[in-house]
Amino acid sequence: VCASYDQAGILIQTKVVHPKVAKSFLMSSWGQSIVDQYKSLSPFLDKKQTPSKTGREFFSHFTFSNYI
C-alpha cells in the first residue's frame, strides 16, 4: 500500500498526472482511501524500513502532505 501510494505521489508531484486530474482523484473515494491508509499505517511508517530510514523517509511521496 505504501509503495503504491508513494508511486502515485511521485506522479502527482512531478505533474505526470495533470493537476486537475490529480485533484479530482484526491477528492474522490480514492483520496479518502489515502487518508485512511495513512492513518492506519502510521505505526509502520514510524519504524525503520532500511538501516538508515524510517517508513516516512522511505515512502516520502506517500507522506507528502501537499499533493496539489
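Residues numbered from 1 in each chain as written. Predicted model: local features only at pLDDT ≥ 70, side-chain atom pairs only at ≥ 80, totals over all residues. Heavy atoms only, no water.

## What about the environment of Ala-8?
Tracing the backbone shows Ala-8 in helix α1 (residues 2-13). Ala-8 gets classed as buried once you look at its relative accessible area, which sits at 15%. Separated by 14 residues in sequence, Ala-8 and Ala-22 place their C-alpha atoms 9.4 Å apart. (Helix = DSSP H or I, 4+ residues; strand = E, 2+ residues; numbered from the N terminus. Buried < 20%, exposed > 50% of the residue type's maximum accessible area, 1.4 Å probe, protein only.)

## A short note on the environment of Asp-6
Here Asp-6 lies in helix α1. Each C-alpha atom of the pair Asp-6 and Phe-59 lies 5.6 Å from the other, and the pair is 53 residues apart in sequence. The residues contacting Asp-6, other than those within four sequence positions of it, are Phe-58, Phe-59, Ser-60, His-61 and Phe-62. (Contact = heavy atoms within 4.5 Å.)

## Some remarks on the nonpolar core
The biggest cluster of nonpolar side chains holds 7 residues, and these are Cys-2, Tyr-5, Ile-34, Leu-41, Leu-45, Phe-59 and Phe-62. Every element with two or more residues in this core is listed here: α1 and α3 (29-46). Other than its neighbours up to four places away in sequence, Leu-45 contacts Cys-2, Tyr-38, Thr-54, Gly-55, Arg-56, Phe-59, Phe-62 and Thr-63. (Core = buried A, V, L, I, M, F, W, Y, C linked by side-chain atoms within 4.5 Å.)

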